[in-house]
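Fold and contact review
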Amino acid sequence: MTAIPDKQTMIRALFDPWVFCALLNFKDAKGFVTLHKQLMAFLMAPQALTKLESELDARRLSSTHPVFVIEGQWYVLNDRHDEFRKRMVLLPRGHYKSTVSVLYWLWRFYRNPNIRLTIGCDDTGLSGSFLREMTQYFISAELQERVWHNRPHIEGLLVPTSDRRMTRAERDMFSQAIAQKTVWTQEKIQLIRPKIFKEASIQVVSVNTSGTGEHVDACLFDDIVNFKNSNKPEKCKAITEWAKDMLSVLDPPRLEEVAPPSETFPFGFKEWLGGEIVINGTLYFKKDYYAHILERVKEGRQNYKVFCRNVHIDGDPLNGVKGTPESGFIFPEKFSQKYLDELKEELVDEAGSLRRFSSQYYLIVLDDEERTFKTDQIVFLPDNAFSILPDGTIQIRRSAEDVRSFRPIIAYDPAVSQTERADYTAMVVVGMDAFRDVYLLDVVKDKLLPGAAVDALYQLADKWKISKVVIETGRGLQDVMFHTIRQEFTKRRALSLIKFLPTGDKKTRIENAMEPLISNSKFVTFHHAYKKIQTELEFFPSTSEHDDAIDAISTAFLHLQPSKIAEFKRRREVTRHIEINTRFGGTR
C-alpha cells in the first residue's frame with residue numbers, strides 16, 4: 001500500500017485539485033493536457049484563491065471572507081463565486097469533459113462533505129455510470145485510509161463502512177454501508193457529514209423524469225442532450241422545462257463554515273455553497289438546451305460563464321469558426337487529422353451530410369434549411385465507373401446502356417501567399433458531357449510551395465492526359481505561377497494555359513455556378529474526389545472555412561463546353577427513327 005501522505009500535501013490538496021488528483025491516482029494521474037488544466041481552472045473558479053500581502057490583511061478580511069494560510073502564505077477566497085456560480089462546458093466528444101467533472105466533484109466532497117449534488121444525464125444508464133465511477137473512488141479501502149479518512153480539516157470518516165462481514169450478495173460497490181443503514185444505492189449515496197439533511201449527498205436523475213423535490217446545493221447536467229431527445233422543437237422545449245424544474249430546488253448561495261477554527265486553519269475552513277450549476281455537453285441542434293442557454297447569455301438574460309472549444313486550437317465555435325488542422329489540436333495526445341478523417345467517414349449520414357460530425361467535433365450545427373448546397377442531390381458513381389482513353393477522352397459508365405464521353409480540363413487556383421493562414425492551392429479535374437452534367441474527377445488541395453505546386457499540376461495533367469489548364473490570375477503569387485509554369489514548357493511539355501481574372505464577389509460566383517448544378521442533380525462525382533471538397537460544401541458560405549477547391553470548380557464551369565462527340569451521338573439517337581430523302585432532302 002502507498003504510504004500515508006504528509007499533512008502539508010493533504011492541505012495543498014484542499015486547494016489544488018491536481019495535487020488531489022495525484023493523491024487519488026485518478027486515471028493514473030496521466031493523460032491530462034493543457035486543455036484539462038484550463039477546464040479545471042474554469043470549474044474551480046468559485047474556489048480559487050488570491051494571495052495576500054500579510055497576516056494583517058488576512059485578519060482584516062477574515063470577518064467577511066474565507067482566509068487561509070498555506071505553507072506560511074496567506075490567501076483569501078476570491079469574490080467570483082456569484083460570477084461563476086453558473087457554468088457551461090461545451091467540448092467535443094472524447095475530450096474528457098465528464099472525466100474532469102468527476103475529479104472536480106470528488107475534490108469538492110473532499111473539501112466539504114455537506115454538499116448535496118444532483119446529477120442529471122440523458123438516461124439513467126449514463127447518470128448511473130457517473131455515480132458508479134465516483135463510488136469506486138469512495139469505496140477504495142486504500143483511498144479511505146490515505147485520503148478520505150485522513151483529511152486535515154475534518155476528523156473522522158467520510159465514507160460509511162460496514163461493521164460486520166459482508167455476505168456474498170452484498171459484495172458490490174453499493175452494499176458496503178448496509179450495516180449502518182446509510183443510503184447507498186445505484187441512484188443515491190450518502191456520505192458521513194457534520195450536518196444533518198434529509199437529502200442524500202449525491203443523487204442521480206435522468207432527463208424528463210419527475211424530480212424528487214428535495215433541495216440541493218448544486219446541479220450537474222452531463223450530456224443531457226442527444227440526437228434523439230432534441231430532434232424536434234417540442235422535445236427541446238421539454239428538456240428546457242425539465243431543467244428549469246430541476247434548478248428550482250437549488251438552495252441559494254451562502255458562505256458555509258465547513259470546519260471550525262483550528263491550529264491548521266486559524267479562521268476556520270469556509271467556502272461558498274449553494275446555487276451552483278454546471279452543464280456539460282456538446283451542441284446538437286440550433287434550438288437544443290445548450291443553444292437555448294447560449295442565446296440567453298448573448299441577450300444578457302443569463303449570467304452563465306461558458307467554456308467552449310472545438311477540436312482545433314484556432315477554432316471558435318461560438319462565432320462559427322471551425323478552425324484549421326494547421327493550428328493543431330486541443331487534445332493532440334488523442335486526436336490527429338488522420339483520426340478525425342476516420343471519424344468523419346463513420347459519422348456521415350445517409351444523405352452524405354457532415355451534420356453529426358460537425359456538431360460533435362466542430363461544435364458547429366449545420367442546419368439543413370440554412371445550407372446553400374443540398375448535398376443529398378449530388379450524384380455519386382463508383383470509383384471504377386470511368387476509363388481514360390489514349391487520346392485523353394474520359395468515358396463514364398452511368399449504366400450498361402448509358403456511356404458518356406468528354407474531355408476534361410484542369411482549373412488551378414494558386415494560393416496568393418505562402419503564410420500559414422493563406423488559402424490552399426487548389427486544382428480540380430472537371431468535365432462536361434453532352435447532357436451538360438458536370439463531373440468532378442480529381443482534386444488537389446494543399447499548402448504547396450511554388451515548385452511543389454508545379455510538380456502537382458504536371459502530375460495531374462499526365463494522369464488524366466490533359467493539356468488545357470485554366471489558371472486564376474490577378475493577385476500576387478498567382479501571376480508569378482503563370483509565368484513559372486510557362487518556363488517549364490521546354491523542360492516537360494507545353495500546356496494550353498488560359499488566364500482567368502475573376503470579377504465580382506467570390507462567394508456569389510461559387511453559388512451561381514454550383515447551386516443550380518447540385519440542386520438539379522447535374523453535379524456528378526466520385527467519393528475519392530468528394531471527400532476533398534465535402535467540408536467546403538457543407539460549411540459554405542462560412543468565412544471560417546476555406547473554399548478554394550469549390551472556387552476552382554466554379555472557374556472550370558465557366559470554361560466547360562458539352563462534348564461535341566457526345567453531342568453528335570445524342571442528336572443521332574434522338575433522330576434515329578426519322579427517314580431522310582437522300583436525293584431531294586426532307587424527312588418523313
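In the block above lies the structure referred to throughout.
The paragraphs below set out a description of the structure included in this document. (Residues numbered from 1 in each chain as written. Predicted model: local features only at pLDDT ≥ 70, side-chain atom pairs only at ≥ 80, totals over all residues. Heavy atoms only, no water.)

**Considering the sheet that holds strand β1 (residues 49-51)**
Strand pairing in a sheet takes place through backbone hydrogen bonds and is either antiparallel or parallel in direction. Inclusion rule: At least two bridges found by DSSP between two strands is the condition for calling them paired. Helix and strand definitions follow DSSP, with helices as H or I runs of at least four residues and strands as E runs of at least two, each counted in order from the N terminus. For helices, the axis comes from a line fit to the C-alpha atoms of the stretch in contact; other axes are also lines fit to C-alpha atoms, and the angle between any two N-to-C directions lies between 0 and 180 degrees.
Within the open sheet, the 3 strands sit side by side as β1-β3-β2. Their pairing is antiparallel. Strand pairing shows two members of the sheet lacking a second neighbour, β1 and β2 (67-70), which therefore form its edges. Pairs of neighbouring strands in the sheet enclose a mean axial angle of 35 degrees, with direction left out of account.

**Examining the pattern of salt bridges**
How we decide: Should a side-chain nitrogen of Lys or Arg be within 4 Å of a carboxyl oxygen of Asp or Glu, the pair is scored as a salt bridge. Accessibility here uses a 1.4 Å probe with only protein chains present; expressed as a share of the type maximum, an area under 20% marks a residue as buried, one over 50% as exposed, and anything in between as partly exposed.
Per the counting criterion, the structure on display carries 35 salt bridges. Salt-bridge contacts for arginine 60 lead to aspartate 57; the nearest nitrogen and oxygen are separated by 3.4 Å. Of the two residues, arginine 60 and aspartate 57 are both situated in helix α4 (residues 55-61); the distance of 3 residues between them amounts to about one turn of the helix. Residue class for arginine 60 comes out exposed when judged on its relative accessible area of 56%.

**Examining the packing of aromatic side chains**
As a reminder of what qualifies: Here a Phe, Tyr or Trp ring, Trp counted by its six-membered ring, pairs with any other such ring whose centre lies within 6.5 Å, and the pair is stacked when the planes are under 30 degrees apart, edge-to-face when over 60, and tilted otherwise. Charge over a ring is defined by NZ of Lys or CZ of Arg lying within 6 Å of the ring centre and within 35 degrees of the ring normal.
Overall, the coordinates contain 36 aromatic pairs when judged by the stated rule. A centroid spacing of 5.2 Å and a plane angle of 50 degrees characterise the contact between phenylalanine 68 and phenylalanine 269, whose relative ring orientation is tilted. You can see phenylalanine 68 sitting in strand β2 and its partner phenylalanine 269 sitting in strand β10 (residues 269-273), a full 201 residues away along the chain. Exposure class is identical for phenylalanine 68 and phenylalanine 269. Each is buried. Through pairs of rings, three or more aromatic residues link up here, namely Trp18, Phe26, Phe32, Tyr96, Tyr137, Phe331, Phe335, Tyr339, Phe357, Tyr361, Tyr362 and Phe539. A cation over an aromatic ring shows up here: arginine 356 above the ring of phenylalanine 227, its NZ or CZ 4.0 Å from the ring centre. In this structure, lysine 445 packs its charged tip against the face of tyrosine 424, placed 5.1 Å from the ring centre.

**Focus on a negative patch on the surface**
As a reminder of what qualifies: Like-charged residues are merged into a patch within 9 Å and nonpolar side chains (Val, Leu, Ile, Met, Phe, Trp, Tyr) within 5 Å, provided each residue has over 30% relative accessible area and no salt bridge. Each accessible area is a Shrake-Rupley estimate made with a 1.4 Å probe; only the visible protein chains count as cover when residues are assessed. Counting rule for charge: Lys and Arg are taken as positive, Asp and Glu as negative, and neither His nor the chain ends is counted. A charge is said to be at NZ when it belongs to Lys, at CZ for Arg, at CG for Asp and at CD for Glu.
Where like charges cluster on the molecular surface, the negative patch consists of Asp341, Glu342, Glu345 and Glu346. Following the sequence through the fold, aspartate 341 ends up in helix α11 (residues 337-347).

**Points about the pairing of strand β16 (residues 403-406)**
For strand β15 (residues 394-397) and β16, the ladder comprises 4 bridges, and the chain directions are antiparallel. Looking at the pairing, isoleucine 396 lines up with arginine 404 of β16. Counting the residues between successive antiparallel strands, the hairpin from β15 to β16 contains 5 residues.

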